[in-house]
Amino acid sequence: MKKAVVLLSGGLDSATVLAIARSMNFECYCLSFSYGQRHDCELTAARKVFEALGGKEFKVVNIDLRAFGGSALTADIDVPEAGSVNAASDSNIPVTYVPARNIIFLSYALGFAEVNDCRDIFLGVNAVDYSGYPDCRGEFIEAFSIMANLGTKAGVEGHGFTIQTPIIDLSKADIIRRGVSLGVDYSLTHSCYNPSPEGLSCGVCDSCALRIAGFRDAGVPDPTRYV
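A brief look at the structure comes next. Keep in mind the model is a prediction, meaning the values are calculated, not measured.

Once that is clear, we can look at the overall build of the chain. If you tally the helices and strands in the chain, you get seven helices and five strands. In sequence order, the secondary structure elements of the chain are arranged as β-α-β-α-β-α-β-α-α-β-α-α. Its C-alpha atoms give the chain a radius of gyration of 17 Å, near enough to 17 Å, the size a compact globule of 227 residues would have. A principal-axis box enclosing the C-alpha atoms of the chain has dimensions of 50 × 40 × 30 Å. Every one of the 227 residues in the chain was classed for burial, and the buried ones make up 49%. Within the chain, residue pairs in contact and separated by at least 24 positions form 72% of the contacts whose partners lie at least 6 positions apart. When the accessible area of the chain is evaluated, it comes to approximately 10,500 Å², of which 51% is carbon and sulfur surface. Across the chain, the 19 positively charged side chains and the 26 negatively charged ones have centroids separated by 6 Å.

Moving on to the sheet that holds strand 4 (residues 120–122). Spatially, the five strands line up as an open sheet ordered 3-2-1-4-5, and their pairing is parallel. Each end of this open sheet is capped by a strand with a single partner; those strands are strand 3 (57–62) and strand 5 (162–164). On average, adjacent strands in this sheet sit at an angle of 25° to one another, irrespective of strand direction. Pairing analysis gives three bridges linking strand 1 (residues 2–7) to strand 4, with the strands arranged parallel. Within strand 4, the position partnered with Val 6 by the bridge is Phe 122. Here helix 3 (residues 101–115) sits on the sheet in contact with strand 1, strand 2 (26–34), strand 3, strand 4 and strand 5, set at roughly 140° to strand 2.

Quick look at unusual backbone geometry now. In this structure, Asn 25 is a non-glycine residue whose phi angle is positive, near 65°. The residue Asn 25 is located in the loop between helix 1 (12–23) and strand 2 in this model. Taking relative accessible area as the criterion, Asn 25 reaches 52% and is therefore assigned exposed. Positive phi outside glycine occurs at Ala 100, with the angle close to 65°. One can find Ala 100 in the loop between strand 3 and helix 3. Since its relative accessible area comes to 28%, Ala 100 is described here as partly exposed.

Mapped onto the elements, Thr 16 comes out in helix 1. A residue is classified by how much of its surface remains accessible, and Thr 16, at 0% relative accessible area, is buried. A distance of 2.7 Å separates a polar atom in the side chain of Thr 16 from a polar atom in the side chain of Tyr 186.

Attention now goes to the nonpolar core. In terms of nonpolar packing, the biggest core is built from 38 residues, with Val 5, Leu 7, Leu 31, Phe 33, Tyr 35, Leu 106 and Ile 121 touching the most fellow members. With six residues, helix 3 is the largest single contributor of residues to this core. Discounting chain neighbours no more than four positions away, the residues touching Phe 33 are Leu 7, Leu 43, Val 60, Val 61, Ile 63, Phe 105 and Tyr 108. Val 6, Leu 8, Phe 122 and Ala 173 belong to the second largest nonpolar core, which has 26 residues in total.

A few words now on the environment of Tyr 186. As for its position among the elements, Tyr 186 is in the loop between helix 6 (172–181) and helix 7 (206–218). When the C-alpha positions of Tyr 186 and Thr 152 are compared, they lie 36 Å apart, and in sequence the two are 34 residues distant. Among all residues touching Tyr 186, those that are not within four sequence positions of it are Leu 12, Thr 16, Ile 175, Ile 176, Gly 179, Val 180, Arg 211, Phe 215 and Pro 223. Within the local environment of Tyr 186, its side chain forms a polar contact with the backbone oxygen of Ile 175, the two atoms lying 3.4 Å apart.

This part is about the pattern of salt bridges. Counted under the stated rule, the structure contains eight salt bridges. Put simply, Arg 66 and Asp 64 hold a salt bridge, and the shortest N to O gap is 2.9 Å. Under the relative-accessibility criterion, Asp 64 is labelled partly exposed at 39%. Asp 117 is paired through a salt bridge with Arg 119; the nearest N and O atoms lie 2.7 Å apart.

Basis of the calculations
Numbers given to residues run from 1 along each chain, matching the order in which its sequence is written. In view of the model being predicted, local features appear only for residues whose pLDDT reaches at least 70, and side-chain atom pairs are presented and counted only at 80 or more, with totals across whole chains, interfaces and linings using the full set of residues. The side-chain values count all of the structure's non-hydrogen atoms but skip hydrogen atoms and water molecules. In this description a helix means any DSSP run of H or I spanning at least four residues, a strand means any run of E spanning at least two, and both kinds are numbered starting from the N terminus. Atoms counted for the radius of gyration: C-alpha only. Globule rule: 2.2 Å times the number of residues to the power 0.38. A 1.4 Å probe rolled over the protein chains alone gives each residue an accessible area, and that area as a share of the maximum for its type sets the label: buried under 20%, exposed over 50%, partly exposed in between. Whether two residues are in contact is decided by their heavy atoms, any of which lying within 4.5 Å being enough. Residue burial considers only the protein chains on display, and all accessible areas are found by Shrake-Rupley using a 1.4 Å probe. The charge count includes Lys and Arg as positive and Asp and Glu as negative, but it does not include His or the ends of the chains. Charge placement uses NZ in Lys and CZ in Arg. For Asp and Glu, CG and CD serve respectively. Here, any two strands with at least 2 DSSP bridges between them count as paired. Angular values range over 0 to 180 degrees, each being the angle between N-to-C directions of two axes fitted as lines to C-alpha atoms, with helices fitted over their stretch in contact. Residues adjacent in sequence count toward polar contacts only when both atoms are side-chain atoms; beyond that, a polar contact is any pair of N or O atoms within 3.5 Å, and within protein one must be able to donate a hydrogen and the other to accept it. Side-chain atoms within 4.5 Å link the members of a nonpolar core, which is a set of buried Ala, Val, Leu, Ile, Met, Phe, Trp, Tyr and Cys residues. By salt bridge we mean one thing: a side-chain nitrogen of Lys or Arg within 4 Å of a carboxyl oxygen of Asp or Glu.

Everything listed here is a matter of geometry and, on its own, says nothing about what the molecule does.
Rendered as structure tokens:
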């Protein structure tokens, strides 16, 4: 069986990507991060998704991006409502962007893949219905792939890595339809940036807005519990 590392956040997109990897007969080593985010709802969701869809291993890596801050997800900055005047920075990149997050996550995934002899890394980035993060674009993935194969033992010995981004060009509705066809239980997933203490999704942040619209456009009932 082919082996792959899957970056699993516990959100809708990464759950769909895990289901896609499993449908492609990959044995999946799933990797999640406790990186100083505002809540641990997504980590709880990630484990539930892993248990539901199956895989070889589920690992949570602890890093603390609060040391740098700079994001509404890792610093004392209010999470804005979708479309509000406070939602974006001067460059129109949302304040929920976490500096270098996908670079860091992919670097850990690369090490995890090399140790476990995995040639593929699956990542749930999307460049259609997304928040405008620069590390979700195809150009970034292509550049990282080049670096990965230049800077690793496996790469220079001819056993290079492939970064798989199977939903990068799909709309949120198409992602949901694909997941439903593969048996993903979206009630297990969590997308909200600013949930209540009870774990209910706020329904008004950018991530919730994209999720709500995705289920509506897909014609699929939204199983999310909102405030």
